[in-house]
Amino acid sequence: FRDVHLQVLLGFGLLVPFLGRYGPGSVATSILIVSFAIQWATLIQGFFYFFLHGKIYVGAGSMVSADFCTAAVLISTGAVLGRVNPVQMLLLALLEVTLCSLNEYILLSLMGVRDSGRSLTVHVFGAYFGLMVSRILHQPHMDKRKREEQQDMGQQPDVFAVVGTIYLWTFWPSFTSATPVHDNAEPWAVLNTYFSLVASTVATFMLSPVLSEESTPRMVQIQDATLAGAAVMGMAGEMLVTPFGALIAGFLAGLICPLAFRFLTPVLHSRLKIQDTCGVHNIHGLPGILGALLGVLLTLLATADTYGDRLELVFPLVAQGSRTAADQALWQLCALPLTLLLAALGGCLTG
């Protein structure tokens, strides 16, 4: 819990201050959002999961769940940063926590989907919810003026990014392995996340000089690569990725992020009128989708021969015989369009 909480406060909190004029204010606002969202998430998730005999029972599990939900809200605020005030952000948090908890309950409890590191319920949901809010809030003249203001960037952003990146590197393996913790289980989620992190960072160092004139990538780009490499391991982290598979997945995520910033973000802005301030689509959305598809592929390989005793921990329904591996993979696949639909509708309503 401590690692996840630090990750949400410091890792995500220090992602947002790269806008020259909004830096310190955006950190303060993120702390306000965290404080509000944790309380609201504890209540909403309490009604879904921990409600018994007229009382909500709270403990370590409910605290970690509330932090996960808060992370999704912070991702969404990244898409509209600098264009909404703190009161509007609180309204966004109020509505998003409710829908995020509903999405999580449908996926994890009703459909039996495995998403321990929250590729779908945090990264994909938070990114596309924020993008839809950004689309609804689009005002051509205002956006042009805001863009000009935001280009006033100094050295401060890189200082924040250095600290934020170190926290992300340190605590992200705990984020992906917070829920599937078992004393007798190998820490697969931790190992896979580490391999993915290193591969995505190397990919960014290789690709950045090709895409830009700078010989080394800026700290913010390394931070983005770190996030992308971690997001891709959200669903697949606890599964049998193997170290080689985790390296390949992380490397792909590290390539997707700078390529999407260079080629996809301008298209989103010019054609779809979506201004993505922090680039959450490239950092969380696309790697989250890639991670979900990787999870579907690995679920097809879930047999007692490959997983051994661990099958009971990772895929209890398959181990009990109530589902085949193919059935479970189909449920995992259906979870992706459902999450996108809920995020899109919720974002439109909130916007």
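The structure contained in this document is the topic of the report that follows. The structure displayed is predicted, hence computed values, not measured ones.

### Concerning helix H1 (residues 2-12)
- Along H1, the positions that sit buried rather than exposed are Asp3, Val4, Gln7, Val8, Gly11 and Phe12. All buried residues of H1 lie within an arc of 135 degrees about the axis, which places them on one face of the element.

### Points about the packing of aromatic side chains
- For the structure on display, the rule yields eight aromatic pairs.
- On the basis of an interplanar angle of 15 degrees and a centroid distance of 5.8 Å, the ring pair of Tyr167 and Phe171 is categorised as stacked. On the criterion of helical spacing, the pair formed by Tyr167 and Phe171 is a turn pair, its members being four residues apart in helix H7 (residues 156-176).
- Take Tyr167: its relative accessible area is 27%, and that puts it in the partly exposed class.
- Using a relative accessible area of 12% as the deciding quantity, one classes Phe171 as buried.
- An aromatic cluster is defined as three or more aromatic residues linked by ring pairs; in this entry it consists of Phe48, Tyr49 and Tyr105.
- Between the NZ or CZ atom of Arg310 and the centre of the ring of Trp188, over which it lies, the distance is 4.1 Å.

### Quick look at the environment of Leu81
- Structurally, Leu81 can be placed in the loop between helix H3 (60-80) and helix H4 (86-110).
- Here Leu81 falls in the buried class, since its relative accessible area comes to 5%.
- Along the chain, Leu81 and Gly130 lie 49 residues apart, while their C-alpha atoms are 9.9 Å from each other.

### Looking at the side chain of Thr226
- Mapped onto the secondary structure, Thr226 falls in helix H9 (residues 219-231).
- By relative accessible area, Thr226 is classed as buried at 1%.
- In this view, Thr226 contacts Thr165, Leu168, Trp169, Leu197, Ser200 and Thr201; residues no more than four positions away in its chain are not counted.

### Focus on the nonpolar core
- Among the nonpolar cores identified, the biggest contains 75 residues, and Leu120, Tyr307 and Phe315 are the most heavily contacted of them.
- Sorting elements by how many residues they give to this core places H3 first, with eleven residues.
- With sequence-adjacent residues up to four places away left out, Leu120 is seen in contact with Leu107, Asp115, Phe125, Met235, Ala292, Ala335, Leu336 and Thr339.

### Quick word on the packing of H3 against H4
- One can describe the packing of H3 onto H4 by two numbers: an axis separation of 9 Å at closest approach and a directional angle of 135 degrees. Accordingly, the angle class assigned to the pair H3 and H4 is oblique. With respect to the hand of their crossing, H3 and H4 are arranged in right-handed fashion. Counted together, Cys69, Ala72, Val73, Ser76, Thr77 and Val80 of H3 and Met89, Leu92, Ala93, Glu96, Val97, Cys100 and Ser101 of H4 form the full contact between these two elements.
- Classifying every residue of the contact of H3 with H4 gives nine nonpolar, three polar and one charged.

### Details of the environment of Ser119
- Within the secondary structure layout, Ser119 lies in helix H5 (residues 119-136).
- Assessed through its relative accessible area of 0%, Ser119 is described here as buried.
- The spatial distance from the C-alpha of Ser119 to the C-alpha of Leu290 is 8.9 Å, given a sequence separation of 171 residues.
- Residue contacts for Ser119: discarding those within four places in its chain leaves Val124, Ala231, Val232, Met233, Gly234, Met235, Gly288 and Gly291.

Rules used in this analysis
Residues numbered from 1 in each chain as written. Predicted model: local features only at pLDDT ≥ 70, side-chain atom pairs only at ≥ 80, totals over all residues. Heavy atoms only, no water. Buried < 20%, exposed > 50% of the residue type's maximum accessible area, 1.4 Å probe, protein only. Helix = DSSP H or I, 4+ residues; strand = E, 2+ residues; numbered from the N terminus. Arc of directions from axis to C-beta. Phe/Tyr/Trp six-rings, centres within 6.5 Å; stacked < 30°, edge-to-face > 60°. Lys NZ or Arg CZ within 6 Å of the ring centre and 35° of its normal. Contact = heavy atoms within 4.5 Å. Core = buried A, V, L, I, M, F, W, Y, C linked by side-chain atoms within 4.5 Å. Axes fitted to C-alpha atoms, helices over the stretch in contact; angles between N-to-C directions. Parallel < 35°, antiparallel > 145°, perpendicular 65-115°, else oblique. Left-handed = near helix turned anticlockwise from the far one by under 90°. Nonpolar A, V, L, I, M, F, W, Y, C, P; charged D, E, K, R; others polar.

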